[in-house]
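# Descriptive structure summary
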Amino acid sequence: MSSVAVLTQESFNEHRSGLVAEQAGDEEAPAYKDAFPPLPEKAASPEGTQEPVNAWTSKIRPLKSSVITQVFHVPLEERKYKDINQFGEGDQAKVCVDIMHKTGAHLELSMAKDQGLSIMVSGKLDAVMKARKEIVSRLQTQASATVAIPKEHHRFVIGKNGEKLQELELKTATKIQIPRPDDPSNHIKISGTKEGLEKAKHEILLISAEQDKRAVERVNIDKVFHPFITGAYNKLVADMMQETGARINVPPPSVNKTEIVITGEKEQVALAVAMIKKIYEGKKNATTIAVEVKKSQHKYVIGPKGNTLQEILEKTGVSVEIPPPDSNSETVILRGEPDRLGQALTEVYAKANSYTVSSVVAPSWLHRFIIGKKGQNLAKITQQMPKVHIEFTEGEDKITLEGPTKDMQMVQSQMEAIVTDLVSRMDYLEISVDPRFHRHLIGKGGANINRIKDLHKVSVRIPPDNEKSHLIRIEGDPQGVQEASKELLELASRMENERTKDLIIEQRFHRAIIGQKGEKIKDVRDKFPEVIINFPDPAAKSDIVQLRGPRNEVEKCSKFMAKMVADMVENGFFLSVPIFKQFHKNIIGKGGANIKKIREETNTRIDLPAENSNSEMIVITGKKENCEAARIRILSIQKELANITEMEVSIPSKLHNSLIGSKGRFVRSIMEECGGVHIHFPTEGSGIDTVTIRGPAEEVEKAKKQLLSLSFRFLLFQQAGSFSLINPPPPRASSSPAPPAEAAVQENGEANGEMVEEPAAPVDPTAPKKCDVIVLSGRKERCEAAVEALKALVPVTTEVEVPFELHRYIIGQKGSGIRKMMDEFEVNIQVPAPELQSDIISITGLANHLDRAKEGLLERVKELTAEQEDRSLRSFKLTITVDPKYHPKIIGRKGAIITNIRTEHDVNIQFPDKNDDNQDQITITGYEHKATAARDAIQAIVDELEEMISEDITLDARVHARIIGARGKGIRKIMDEFKVDLRFPQPGAADPNQVFVTGRPELVDEAIDHLLNLEEEYVSTLVEVLQGEFTPKCSSKGFVVREAPWQTGSEKAPDMSSSEDFPSFGAPVAATNKASPWGPKRF
């Protein structure tokens, strides 16, 4: 126990003036060598290696290393990896590295002569034990065995929270599997090495043998006789337990059970049962009398924590039975010896009449003024009369007082005086204001209402929004109440004449309207000071801007802002112009002359990409016609500087998206391959077929050919038309000769050396359409080969039946799933529209791709079906009913307990919302067996919590901080040691000394005793300090020693002004042989 010395101003003054008597004056001064023992010399002592023992070395304790080293041997026949050629590498080496990473221990392997494996493990104890377990399980062949012990002994093998089982597994380096509680088997399975198996079996059989010696006996005795068995303050049952050595568990009075459980050695249990039955036999014929005591006085007979009942039992040996709180009975039964009943009855009536209940009339609206801020007014009364309880009931015009009869008169007179004073100088008024205006009356951050409160010294209560009440209550000084109500009504009247208007402005314009640092919106607000402009939160993505203020001003502001938006829309047109990167500096011009001139003449904003950017796009913003003019001027600069050609190609607009490709991959690859040409497609949906290509002439031509070739392939793919081989039509009569075959090949390319050309218009109306026919000319065998090659390019469609409910999973989020399949198999997959409810999915593509695509789709269907079944199994749901007061305990600190249950059982556990009707229902979702296991885990926690009791004790508030400790270290230590929960009162609590202890009955009692001992210790220390028992000792002579070097010899005391005796840091020191009072110099 630490002590604190308090030096008061008076004692300090006395000390300085020399008036305080020196208590240590007569004591002999210590010797210099005792006060300053010499340091050990480096030189060896004459005796040899033994070092001199002195005051310094004798106090040094040897430090014990926290790192240990153990060697494990694995015989050749038990080695899992027996390949000698791969020693130090291969799977065995990988396992060792993994063990080191997992446990933090260091492993060294060596091979013995018998080809056995020696492993040296170094590290901290827990790391070495974990590494040993891993070595046995992963480097040594495993054997298994079973051991049968009674089912009721299994829990002792597991231990509390599985600690005993973990210890056994680490100690024996085995894996022990114990059957679940619902499994009828009593066999425990052990796997590991032969040596480990024998150790584990031995340990388990020892635990079982120890439990065989123990017995459990249950004795049913009527609840009314339990007090005689426990005795007053449980002294009798404690004596019996000490005498017999057995554990006796008597259910507490609050639990309606008659069964008394005795556990321990068989002989001890038998002795305890005999003693209990003997007490019962002696008391079962005891006399009883019934008396009537007012229900309100029962608690005084019971006393705090039942102490009064225990006191009566101790004094008279009579048990007093009080009806439960939920009963309307007023009958109290006394049970005991006839000659002691009279004394007990007198005690009961004395306790019942020791407290009085009365009331003081006080308007309910005055209650909070009577209580005062943080209970300050009541604290003055309760500190003087701590046993008096003052209760305020909401909505009632009275205050209930309860306490000892002798104190009640004084408290009642004080309360009546406070009420009379407040009634004489306080008033209240209720005004009606539309709830729509309440938040405006409050103001931003409560600015308006706080100003009114401070100005008029009143309290204003505005009902919350969910009450939808019109009444605002004002309380305080009568004059202040009238002035505050007048001001509030004026504000409300002004708001009724206001108008609120919602403007629809696209969110993209909001930042432009507000301006940098709010400069633009500030100008608008200055122009319309009476209008409040509210923009929505950017995260809400709302287009509504709210205006509120006088009707006329709101209209003017609305028109002004609409004009601002119209100007922004008109000037908000933009277009991107691709310009080769090397020409950007020419467009800017020297000192920005060119770009500045274009901006001014076209009245546009022109943004160029950063110099280190790869982008070639120049963005022009402004009115549409101005942007077009600026674009033409910029392009003209590029044309002047380089041989840039612009070509237009006509390609059907329906093919544009296919040519661009996913994220532009097709068109980008063409542009990169053709020397960075620019390909511009018209706006989607415009119906324009013209595609513009810009760049060097030869590269533009190359890009054109690639675009036309690619478009032809996509056209074939989309049409999937039929192809026919027909003879070419006879040539028309003409004076000009037919062109040679070689000339026709140049347009469409070659296929197997044959010419391919578009067919002439059919003469026969029944013949195929021109668009469906391709004519091949050439030798018959080559034409047939060309036909087969063309047919191989014709897309084929097949249908696959897939359940409709799986379609959305096949499509995937934003079509990602189906796109992936189409890219992988190079086909087109068509899923029917949802409204058709069809199971048929169409796959279109080349014949050699269809089979792979179909297999891939069916494989995906299998996966989805399996996932659906698994999802169905995982969606098993069950509920467990748990009292809401236990919910925080199940959740644990920062959710630790519930997170552990969720992780261990792989389930989702949902607690009810605050507004839920079923507050006691906890929902568990997951696989059925895992959900059941999670429910059992929660139920086990609840069962443990239900066995707990909660008791309140009175601890002096002055010692709370000492008990709690720095950052709660002290209280956590107590809670961990006694396995209880402690709750200290919050600041401003009605009873600052009340502390609640929750836990098992026996642990709660132990914790309370410990807390009371701490309180006694801390309070006694505090009292001693306050009474000034500790006086600071101080000597005016300073610190004195005898036999100092400068006193015994010719040496002088060190000169503090001498640079030789006290050299400064870093200064050179002259060598000298002069001895020093401080010992030999070492520099």
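Values in this document were obtained by computation on a predicted structure and should not be read as measured data.

Scanning the protein for helices and strands turns up 40 helices and 39 strands. Across the 1083 residues that make up the protein, the buried fraction comes to 32%. Taking as baseline every contact in the protein between residues at least 6 positions apart, the subset at least 24 positions apart corresponds to 66%. A total accessible area of about 69,600 Å² is found for the protein, and carbon and sulfur atoms account for 51% of it.

What follows concerns the packing of aromatic side chains. As enumerated under the stated definition, the model contains 2 aromatic pairs in all. Against the face of F225 rests R335, its NZ or CZ located 5.5 Å from the ring centre.

To continue, consider helix α33 (residues 847-874). For α33, built from 28 residues, the straight-helix expectation of 40 Å at 1.5 Å per residue is met to within 8% by its first-to-last C-alpha distance of 41 Å. For α33, the complete set of buried residues consists of H849, L850, A853, G856, L857, V861 and L864. The elements touched by buried residues of α33 are β31 (796-801), α31 (807-811), α32 (816-825) and β33 (840-845).

Even without being glycine, N161 reaches a positive phi, approximately 55 degrees. Residue position: N161 is located in the loop between α5 (154-158) and α6 (163-172). Given the relative accessible area of 67%, N161 is considered exposed. Not every positive phi belongs to a glycine, and D906 is a case in point at roughly 55 degrees. With respect to the helices, strands and loops of the structure, D906 is situated in the loop between α35 (896-905) and β35 (908-910). For D906, a relative accessible area of 33% translates into the label partly exposed.

The interhelical angle for the contact between helix α3 (residues 90-103) and helix α4 (residues 125-139), taken along N-to-C directions, is 155 degrees, at an axis separation of 10 Å. On the basis of their axis angle, the class for α3 and α4 is roughly antiparallel. Of the two possible hands of crossing, α3 and α4 adopt the one that is right-handed. Of α4, the residues touching α3 (which contributes Q92, V95, C96, D98, I99, K102 and T103) are A127, K130, A131, E134, I135, R138 and L139.

Each strand in a sheet pairs with another by means of backbone hydrogen bonds, the pair being arranged parallel or else antiparallel. One open sheet accounts for 3 strands, arranged β1-β3-β2; its pairing is antiparallel. Strand pairing shows two members of the sheet lacking a second neighbour, β1 (67-74) and β2 (106-111), which therefore form its edges. Direction aside, the axes of adjacent strands within the sheet are offset by 20 degrees on average. Pairing between β2 and strand β3 (residues 117-124): 6 bridges, direction antiparallel. Residue pairing across strands places L109 opposite I119, the latter belonging to β3. Across the sheet, α4 touches β1, β2 and β3, and the angle it forms with β3 is around 150 degrees.

Take the confidence of the model for the protein next. Per-residue confidence for the protein gives a mean pLDDT of 77; residues scoring 70 or more make up 83%. In this model residues 1-26 is a low-confidence stretch, pLDDT under 50, and it forms 22 contacts with partners more than four residues away in sequence or in other chains. Across residues 42-60, confidence stays below pLDDT 50; counting only partners more than four residues off in sequence or on other chains, it has 11 contacts.

With respect to the helices and strands, H849 occurs in helix α33. Contact partners of H849, with chain neighbours within four places excluded, come to F825, E826 and V827.

The antiparallel open sheet is built from 3 strands, whose spatial order is β4-β6-β5. In this open sheet, the two edge strands, each paired with only one partner strand, are β4 (143-148) and β5 (175-177). Strand after strand, the sheet turns through a mean of 20 degrees between neighbouring axes, direction not considered. Both β4 and strand β6 (residues 187-192) contribute to a ladder of 6 bridges, which runs antiparallel. Bridging from a neighbouring strand, A145 pairs with I190 of β6.

Ranked by internal contacts, the top residues of the largest apolar core, which has 21 residues, are I953, I963, I974, V980, L982, V997 and L1011. At 7 residues, helix α39 (residues 1001-1026) tops the list of elements feeding residues into this core. Setting aside residues no more than four positions away along its own chain, V980 makes contact with M975, V997, T998, G999, L1003, V1004 and A1007. In terms of nonpolar packing, the next biggest core, distinct from the first, is built from 19 residues, I221, F225, F228 and L313 among them.

Rules and cut-offs
Residues numbered from 1 in each chain as written. Predicted model: local features only at pLDDT ≥ 70, side-chain atom pairs only at ≥ 80, totals over all residues. Heavy atoms only, no water. Helix = DSSP H or I, 4+ residues; strand = E, 2+ residues; numbered from the N terminus. Buried < 20%, exposed > 50% of the residue type's maximum accessible area, 1.4 Å probe, protein only. Contact = heavy atoms within 4.5 Å. Areas by Shrake-Rupley, 256 points an atom, 1.4 Å probe, with all protein chains shown as cover. Phe/Tyr/Trp six-rings, centres within 6.5 Å; stacked < 30°, edge-to-face > 60°. Lys NZ or Arg CZ within 6 Å of the ring centre and 35° of its normal. Expected span 1.5 Å × (residues − 1). Axes fitted to C-alpha atoms, helices over the stretch in contact; angles between N-to-C directions. Parallel < 35°, antiparallel > 145°, perpendicular 65-115°, else oblique. Left-handed = near helix turned anticlockwise from the far one by under 90°. Pairing = 2+ DSSP bridges. pLDDT = per-residue confidence, 0-100. Core = buried A, V, L, I, M, F, W, Y, C linked by side-chain atoms within 4.5 Å.

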